[in-house]
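Secondary and tertiary structure notes
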Amino acid sequence: MRTLLALLFLSTSAFASQPPNILLIMADDMGWSDIGCYGGEVDTPNIDRLAAEGMQFTQFYNNAKCTTTRASLLTGLYPRNGGQGQEQLVTKNMITLGEGLRLAGYATGMSGKWHNGSKPGTLPYDRGFEDAYGLWDGCCNFFNPNQPDPKFKGGKVRPFGHNDERITEFPDDFYTTDAFTDHAIETIRRHAKSGRPFFHYLPYTAPHYPLHAKPEDIAKYKGRFAEGWDALREKRLNKQIEMGLVNPEWSIPVRDKEAKPWDEDKNIDPEWQNLRMETYAAMIDCMDQNIGRLLDTLDELGVAENTLILFLSDNGGCAETPGGNDPEQVPGPAEFYSHVGPGWAYLQNTPWRRYKSHCHEGGISTPLLARWPATIEPGSRTDAVGHIIDFLPTFLDVAGAEYPKHHADHDLIPVEGHSLRPLFENRPSERLDHEALYWNWSGTRAMRQGDWKIAWDKGAKAWELYHIPTDRTETQDLAQEQPDRVAAMAEKWNAWAKLTGVKVKK
C-alpha cells in the first residue's frame, strides 16, 4: 500500500512540476442550459464527462456577443473601441493567448472561428498561433464555407483559411465541426510529440445559424421538442432546481417580449418549428461527438492527466431572425439558411432573461466546465464569480509565466482579469475577486459589483437594479428603492465606459 501511495505521489508531483497542456473549447450561440449538465435535453455525454471529471461553474460570464467575447477571451481585457469593429478589438498594445503562451514555451494552435480580423496582420497566424485553420469571420455554411451568405445583399463569401492561405474549395463530405476537430487533433498530435506543452484554441461555429446538420444527427431528436418552448422551459427549470443550479426561491421571469406563446407561434408550421430545434440540437450533438474524439486523442497520447480543458459558450442563445420566419428555409440541408428564433432561444437560456446581444443574464451567462485531472477535484462545483478576461492570467499562471509589460515594441495595457488557479487547486480563499465586472453592447449595458447588478436594456430610459443572490433571474427591479446605490454604480460604469471607448447616446 505504501508503495502504491508513493507511486501516486511521484506521479502527481511529476505532473505538478510540468506546465499543463491547455485546450480551450468554445461553442457559438449556445444557451446556458442546452447541455445535459446544465439541465438540457441534448445528448452531451462527452461535455457532461468534463463536468463529472472536473469543475462546474455556475456564475461565469462572457460579453454577450461573438466579437467582443473573443477579444476579451484572447487578451484578458475588456473590449476597447467601445466594442466596435473586428480588426479594432485585438490591437498591438494587447497580447493574445497565443502570443503569451508562446513566450512561455508553448506550442500553439487554433481551429475554428476567429472573428477578430480577416486582413493580413490581424489573422490568428499573425497573433501567436503557429498553426491556425478555420473561419476568420462570423458565420458560414457548415457544408461549404465558400457558399455566399444570403444575409448580405448580393451575397458575401466568408473568409476561410489555413494560416495565411485562403481556402475556397471543400470536399463533398465537408462539415465545419468535423473539420475543425480534425485539424485540432492533427495539430495536438504533432505538438504533443514536440516535447513542449501545447495550447490549442478550438472555437466551434456550432450551433450558430445557419442551421446545418447531418440527417442522422437530426433524426435522433425527432419529436423531442414537440411540447414547445413554454412546457420545456418549465421542465428544464425543475431539473435545474433538482440539480442545485437554480435557487427554487427565485421568481421566474415571464416570457421575453420577442418570444410568442408556443401555442400561437407553432401555427406558422408545427413541423418546421420542431425541426428548427431538432437541427440545433443535432449541431450540439455533433460538437459533443467531436469533443469525445478529442478526449480519446488525449487519452491515447497519454497527456490527459496534465491537460487543462475548458468548455464554454461565447454568448447566450440567439433570438436573431435574419430573413424572417420562413418555413421554406428548411433547417438542416446546405442549400437553406435558417435560425431558431426567439421562442427556442427563450428555452435555451432557461431560467434567465433576454438573449445574445443583451446584458441581462440570458445574454452574458455562460456554462463553464474545467477539467484538469492532475489538479481539479472531480465533480466539484463553484459559485465563484468569473469572467472570460480571467483566462489569459489563468493560463499564464499555470504556465509559470508573468504577464509582460511590453511585446513587439509596444507597451501593453495591463491585464484586467484574475487567475482561476486558486479555484482549480481548491484554494478559494486565495482567489482574487473582481471589484466589479462591466458590459456594453449596442445600447445594452450592465455592471455587477459583489451581490448587486445594474442593467440597461435596449430602448430603456433608466438603469435597473437587482440583488443577485435573491434574484439572479432579474424580476424585482430595486432601482426606485435604492437610487443612491444605482447612482454610485452608474458612476463607476461611466468611468469604465470612458476608459474603454464606449460612446453613450444621451
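Here the structure is shown first, and the text comes after it.
Report follows, based on the coordinates. Computed from a predicted model, the values in this text were never measured in an experiment.

Side note on the overall build of the protein chain
When its secondary structure is counted, the protein chain shows 15 helices and 17 strands. A compact globule built from 506 residues should have a C-alpha radius of gyration of about 23 Å, and the protein chain, at 22 Å, falls within 12% of that. Counting only C-alpha atoms, the protein chain reaches 65 × 60 × 55 Å along its principal axes. By residue count, 60% of the 506 residues in the protein chain fall in the buried class. Look at the contacts in the protein chain between residues 6 or more apart in sequence, and 75% of them connect residues 24 or more apart. Taken together, the 54 basic and 70 acidic charged side chains of the protein chain have centroids lying 4 Å from each other.

Notes on the packing of aromatic side chains
Aromatic ring pairs are reported here in terms of the distance separating the ring centres and the angle at which the planes meet. This structure, assessed with the given rule, holds 32 aromatic pairs. Between W463 and W493, the ring centres sit 5.6 Å apart and the planes meet at 70°, which makes this aromatic pair edge-to-face. A residue pair is termed long-range when its members are at least 10 positions apart, and W463 in the loop between β16 (452-456) and β17 (464-467) and W493 in helix α15 (residues 483-500) qualify at 30 residues. Residue classification places W463 among the buried residues on the basis of a relative accessible area of 12%. An aromatic cluster is present here, built from F57, F60, W114, F129, F199, Y201, F391 and F395 joined pairwise through their rings. One residue, R445, lies across the ring of W456, its end atom 4.0 Å from the ring centre.

A few points about the layout of surface pockets
The computed volume of the largest pocket comes to approximately 550 Å³. Along the walls of the largest pocket sit 21 residues, with G443, R445, K503, V504 and K505 positioned nearest its centre. Counting residues per element, the lining of the largest pocket draws most heavily on α15, at four residues. Here the residues of the lining of the largest pocket sort into seven nonpolar, nine polar and five charged. Quantified by volume, the second largest pocket comes out at close to 260 Å³. Lining the second largest pocket are 21 residues, with K65, H115, G138, K151 and R158 positioned closest to its centre. Class assignment for the residues of the lining of the second largest pocket results in five nonpolar, eight polar and eight charged.

With respect to the state of the cysteines
In this structure the tally under the stated criterion is zero disulfides. C140 takes part in no disulfide bond, and the closest cysteine sulfur to it belongs to C139, at a distance of 7.2 Å. Here C140 falls in the buried class, since its relative accessible area comes to 6%. Cysteine C286 is unpaired, with the sulfur of C140 as its nearest cysteine sulfur at 14 Å.

Considering the environment of K405
Mapped onto the elements, K405 comes out in the loop between α12 (391-398) and β12 (406-407). Its relative accessible area of 66% is what places K405 among the exposed residues. For the pair K405 and M94, spaced 311 residues apart in sequence, the C-alpha separation works out to 9.8 Å.

Structural notes on the sheet that holds strand β15 (residues 444-449)
The four strands are arranged β14-β15-β16-β17 in an open sheet whose pairing can be described as antiparallel. The sheet is open, and its two borders are formed by β14 (437-441) and β17, each paired with just one other strand. Adjacent strand axes in the sheet meet at a mean angle of 15° when their direction is disregarded. Where β16 lies against β17, four bridges are found, and the strand directions are antiparallel. Looking at β17, one finds that A455 is bridged to E464.

So, the packing of helix α9 (residues 270-301) against helix α10 (residues 341-348)
Running from N to C, α9 and α10 cross one another at 45°; their axes reach a closest spacing of 10 Å. Put simply, α9 runs oblique to α10. Relative to α10, α9 is oriented so that their crossing is right-handed. Where α9 abuts α10, its residues Q273, N274, R276, M277 and Y280 lie against G341, W344, L347 and Q348. Within the contact of α9 with α10, the residues separate by chemical class into four nonpolar, four polar and one charged.

So, the pattern of salt bridges
The final tally for this structure, using the stated rule, is 41 salt bridges. The salt bridge partner of D131 is R190, with a shortest N-O separation of 2.6 Å. Placement of the pair is D131 in strand β4 (residues 131-135) and R190 in helix α5 (residues 176-192), with a sequence separation of 59 residues. Looking at D131, the relative accessible area reads 11%, which means it is buried.

Things to note about the side chain of D29
With respect to the helices, strands and loops of the structure, D29 is situated in the loop between β1 (21-27) and α2 (45-52). In terms of polar contacts, D29 uses its side chain to reach the side chain of N315, at 2.8 Å. A distance of 3.1 Å separates polar atoms of two side chains, one belonging to D29 and the other to K356. Ignoring anything within four residues of it in the chain, the contact list for D29 reads C66, P207, H208, Y280, S313, D314, N315, G316, G317, C318 and K356.

Some thoughts on the nonpolar core
Membership of the largest hydrophobic core comes to 68 residues, with the highest contact counts inside it found for I25, M287, F311 and W344. Looking at this core, the element that brings in the most residues is α9, giving twelve residues. Among all residues touching F311, those that are not within four sequence positions of it are I25, A27, M30, I35, I47, L50, M287, I291, P367, L368 and L369.

Observations regarding α10
Across the eight residues that make up α10, a large majority, eight, are buried. Burial in α10 covers these residues: G341, P342, G343, W344, A345, Y346, L347 and Q348. Here the buried face of α10 lies against α7 (229-243), α8 (262-265) and α9.

Rules used throughout
Residues numbered from 1 in each chain as written. Predicted model: local features only at pLDDT ≥ 70, side-chain atom pairs only at ≥ 80, totals over all residues. Heavy atoms only, no water. Helix = DSSP H or I, 4+ residues; strand = E, 2+ residues; numbered from the N terminus. Rg over C-alpha atoms; globule rule 2.2 N^0.38 Å. Buried < 20%, exposed > 50% of the residue type's maximum accessible area, 1.4 Å probe, protein only. Contact = heavy atoms within 4.5 Å. Lys, Arg positive; Asp, Glu negative; His and termini not counted. Charge placed at Lys NZ, Arg CZ, Asp CG, Glu CD. Phe/Tyr/Trp six-rings, centres within 6.5 Å; stacked < 30°, edge-to-face > 60°. Lys NZ or Arg CZ within 6 Å of the ring centre and 35° of its normal. 1 Å grid on protein atoms, 1.4 Å probe; cavity = no way out; pocket = protein on both sides within 12 Å on 5 of 7 lines; lining within 4 Å. Points joined across faces, edges and corners; volume = space filled by probe spheres on them. Nonpolar A, V, L, I, M, F, W, Y, C, P; charged D, E, K, R; others polar. Disulfide = S-S within 2.5 Å. Pairing = 2+ DSSP bridges. Axes fitted to C-alpha atoms, helices over the stretch in contact; angles between N-to-C directions. Parallel < 35°, antiparallel > 145°, perpendicular 65-115°, else oblique. Left-handed = near helix turned anticlockwise from the far one by under 90°. Salt bridge = Lys/Arg side-chain N within 4 Å of Asp/Glu carboxyl O. Polar contact = N/O pair within 3.5 Å; in protein donor to acceptor, adjacent residues only side chain to side chain. Core = buried A, V, L, I, M, F, W, Y, C linked by side-chain atoms within 4.5 Å.

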